[in-house]
Amino acid sequence: KEAYKAFMEKLHDFDYEITDEKISDDGESADVTVKITTYDFGNAYLDTYEELLQKNDPDKITQDMLYGTMFKKMSELKDKKYSEKVTVKCTKSDDEWKPSLNGNAQFQNALFGGTIKIVSELANNK
């Protein structure tokens, strides 16, 4: 539980920079490019996965083993080495810009430091 809690704190510790915006001709929508910088959770996950496979029979790796090791490794990351530019669609409502993040896999992957892409690649290679 402690490793999970520490990981969740790291997950919320990211930097972002708006690098570009393209507002529609009618001024009601925009595509905003955001550079997200966070910890390299994806490679920490991959390291955990490979480490467990080297030391254990794949059929004997439990969820507790995987998640316990993974959250510990991810929570110990020191530097924000993962960076990705993503496009966020925004719409104007009551003179405020609202981002549309539901279903934006690229944005979600960036926040999770590349983890979603790596997990997907591992799943597709089986």
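Use the structure listed above.
Residues numbered from 1 in each chain as written. Predicted model: local features only at pLDDT ≥ 70, side-chain atom pairs only at ≥ 80, totals over all residues. Heavy atoms only, no water.

As for helix α1 (residues 2-11)
Because an α-helix packs 3.6 residues into every turn, residues spaced three or four apart end up facing the same way. Among the residues of α1, those classed as buried are F7, K10 and L11. Burial along α1 is one-sided: seen end-on, the buried residues are contained in an arc of 100°. Opposite the buried face of α1, by more than 90 degrees, sit the exposed residues E2 and E9. Buried residues along α1 sit against α2 (41-55), α3 (63-75) and α4 (105-111). (Buried < 20%, exposed > 50% of the residue type's maximum accessible area, 1.4 Å probe, protein only. Helix = DSSP H or I, 4+ residues; strand = E, 2+ residues; numbered from the N terminus. Arc of directions from axis to C-beta. Contact = heavy atoms within 4.5 Å.)

Quick notes on the layout of surface pockets
Approximately 220 Å³ is the volume attributed to the second largest pocket. Residue lining of the second largest pocket: 13 residues in total, with Y16, V34, V88, P99 and F107 positioned closest to the centre. Elements supplying a minimum of two residues to the lining of the second largest pocket: β1 (15-23), β2 (29-38), β3 (82-93) and β4 (96-100). (1 Å grid on protein atoms, 1.4 Å probe; cavity = no way out; pocket = protein on both sides within 12 Å on 5 of 7 lines; lining within 4 Å. Points joined across faces, edges and corners; volume = space filled by probe spheres on them.)

Some remarks on the pairing of β2
Burial runs high along β2: seven of the 10 residues are buried. Linkage of β1 to β2, two consecutive antiparallel strands, is achieved through a turn of five residues, within which G27 is found at a positive phi near 75°. Two strands pair when backbone bridges link them, and β2 and β3 are joined in this way by 10 bridges, in the antiparallel orientation. Note that in β3 the partner of T33 across the bridge is T87. (Pairing = 2+ DSSP bridges.)

Some points on the pairing of β3
Both β3 and β4 contribute to a ladder of five bridges, which runs antiparallel. Across the sheet, residue K89 finds its bridge partner in β4, namely S100. The antiparallel hairpin formed by β3 and β4 contains two residues in its connecting segment, where D94 sits at a positive phi of about 55°.

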